[in-house]
Amino acid sequence: MDLTTPPASRARLLAFDGGGIRGLFSLEIARRIETLLREKHGRPDLVLADHFHYLGGTSTGAIIATFLSWGLPVDEVVRLYRENAKVMFTKAGFTSMHKNRFAGQPISDFLRNFFVEDDGSPATLGTSKLKTLLLVVTRNASTGSPWPMSNNPRAVYNDRTQPGCNLDLPLWQIVRASTAAPTFFPPEVIEITDQKSGVVKKHVFAFEDGGVTPFNNPAYLLYTMATLPEYRLHWPDGKERMSLVSVGTGRVKTGRGLKIDENLLGQAKSVPAALIGSAQWMQDLACRQHGECRHGEPLDSELGDLVRENPRAAFLYSRYDKSIGEAEMEGALKVSKKGFTLDNIELMDFLGEMGQEYAERVVKLEHFE
């Protein structure tokens, strides 16, 4: 099956934000979409890879997108997340604690052991086990640039006739690279082969979490990679030909409230989250401006939600995310004093329940069908 052929009717894109363990909130939205599609088509075994053509994700969203592209039902992805959460967030040893909070080996082993071919060999980015096109957002920490990696065989660096084709890279390693959040996990080291002027060169790069780019929300990037000629897919856009669903992990306020001044340590802690949140907002705004937004919470008091018809829309668009307010913050603190941190596995049940309530109340097929 040629995954690059433009779908006959509408190309369906599905993107997942980064957000650590809060990916369990995202999975409840994915589960609701899957349930509604099963009911509509009368297929209790339908999975999201049967419906969507291009999936993308950053960090925890990359894990979700890859599992779903692999053909797993959402229930199975939730099970894998919950059963392996403690393994993935294994505290680093004493000698490594000054660099990273968690050990990299446990999550590497989990991904390496799962993403294998039928004969047990490591599956690569070009594996036929991926049922859809897949985008994984990483950051090359060595060069300082975003590296979105896709299994699109037409892409420049996916040429099978050239040495160092990215399609030959282990899939587990690419996903692991997207989740290597600085201070949380050590970077993933990958050897990349480059060929220029007939000379083959090998480069060793350190990769880290794609959330440390403007694309922690990868939705608009996913649209771009499906349509921009330089990415060599050339899928036609227009709201009759393309839809884009963007799934968040819950938005926690990053403002300092009534605290006008902030000490140096407080600023250092708050700035990364504030920058990531601002970039996510901008990506969402770009999608609402260029698409026809069918659903989304208000962006701010000036813009509103931009849910309206758009005769020039490049795609149908829906953004599923929830502003985490005081009630949710207080509820989370009753469960765990650590609150909505990215690594708080004590909140797994809370996140699942919050996501289920939100998804059942909000998600509708007419938003993107």
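Residues numbered from 1 in each chain as written. Predicted model: local features only at pLDDT ≥ 70, side-chain atom pairs only at ≥ 80, totals over all residues. Heavy atoms only, no water.

Engineer: Explain unusual backbone geometry to me, using residue names and the numbers behind them.
Structural biologist: Of note, the phi angle at Ser59 is positive, near 60°, even though the residue is not glycine. Relative to the helices and strands, Ser59 resides in the loop between strand S2 (54–58) and helix H3 (60–69). In this structure, Leu306 is a non-glycine residue whose phi angle is positive, near 60°. Looking at where Leu306 falls in the secondary structure, it is placed in the loop between strand S9 (292–295) and strand S10 (316–320). (Helix = DSSP H or I, 4+ residues; strand = E, 2+ residues; numbered from the N terminus.)

Engineer: Explain the environment of Leu48 to me, using residue names and the numbers behind them.
Structural biologist: Mapped onto the fold, Leu48 is located in helix H2 (residues 48–51). Ignoring anything within four residues of it in the chain, the contact list for Leu48 reads Leu14, Ala30, Ile33, Glu34, Leu37, Leu68 and Val74. (Contact = heavy atoms within 4.5 Å.)

Engineer: For the nonpolar core, give the residues involved together with the corresponding values.
Structural biologist: Ranked by internal contacts, the top residues of the largest apolar core, which has 74 residues, are Ile29, Ile33, Leu48, Phe52 and Tyr320. Examining the composition of this core, we find that eight residues originate from one element, helix H1 (residues 23–41), more than from any other. If we ignore the near neighbours within four places in the chain, the residues touching Phe52 are Arg12, Leu13, Leu14, Ile33, Leu37, Thr132, Val245 and Phe368. Counting residues in hydrophobic clusters, the runner-up holds 23 residues, among them Ala15, Ala219, Leu221 and Cys293. (Core = buried A, V, L, I, M, F, W, Y, C linked by side-chain atoms within 4.5 Å. Buried < 20%, exposed > 50% of the residue type's maximum accessible area, 1.4 Å probe, protein only.)

Engineer: Give me the lowdown on the pairing of strand S4 (residues 145–150), citing residues and values where you can.
Structural biologist: Pairing of strand S3 (residues 133–140) with S4, which is carried by six bridges, proceeds in the antiparallel orientation. Counted as the bridge partner of Thr138 is Trp147 from S4. In sequence, S3 turns back onto S4 through a hairpin of four residues, with Gly144 there showing a positive phi of about 80°. (Pairing = 2+ DSSP bridges.)

Engineer: Give me the lowdown on the packing of H1 against helix H10 (residues 348–362), citing residues and values where you can.
Structural biologist: Helix packing geometry: the angle between the two helix axes and the distance between the axes. At their nearest, the axes of H1 and H10 sit 7 Å apart, and the two run at 35° to each other. The two elements H1 and H10 cross, and the hand of that crossing is right-handed. Listed contacts from H10 to Leu24, Phe25, Glu28, Ile29 and Arg32 of H1 are Met348, Leu351, Gly352, Met354, Gly355, Gln356, Tyr358, Ala359 and Glu360. Residues belonging to the contact of H1 with H10 are distributed by class as follows: eight nonpolar, three polar and three charged. (Axes fitted to C-alpha atoms, helices over the stretch in contact; angles between N-to-C directions. Left-handed = near helix turned anticlockwise from the far one by under 90°. Nonpolar A, V, L, I, M, F, W, Y, C, P; charged D, E, K, R; others polar.)

Engineer: Describe in detail the packing of helix H4 (residues 74–88) against helix H5 (residues 105–114), supporting the description with residues and values.
Structural biologist: It is the contact of H4 with H5, at a shortest axis distance of 8 Å, that shows an interaxial angle of 145°. Between H4, through Leu80, Asn84, Val87 and Met88, and H5, the contact on the second element is made entirely by Pro106, Ile107, Phe110 and Phe114. In the contact of H4 with H5, the residues fall into seven nonpolar, one polar and no charged.

Engineer: Can you lay out the pairing of strand S1 (residues 11–16) for me, pointing to particular residues and giving the numbers?
Structural biologist: Regular strands place their side chains on alternate faces of the sheet. Of all six residues that make up S1, six are buried, and the element is covered over most of its length. Burial of S1 is two-sided: the residues Ala11, Leu13 and Ala15 facing one way and the residues Arg12, Leu14 and Phe16 facing the other way are all buried. Sheet topology note: the S1/strand S7 (residues 242–247) ladder contains six bridges and is parallel. Across the sheet, residue Ala15 finds its bridge partner in S7, namely Ser246. Sheet topology places S1 next to S2; four bridges connect them, and they run parallel. Looking at S2, one finds that Leu13 is bridged to Tyr54.

Engineer: An account of helix H9 (residues 326–335) is requested, with residue identities and associated values reported.
Structural biologist: Buried residues of H9: Glu328, Gly331 and Ala332, and no others. Axial view of H9: buried residues confined to an arc of 100°, hence all on one face. Facing away from the buried surface of H9 by more than 90 degrees, the exposed residues are Glu326 and Lys334. Along its buried surface, H9 packs onto strand S11 (323–324) and H10. (Arc of directions from axis to C-beta.)

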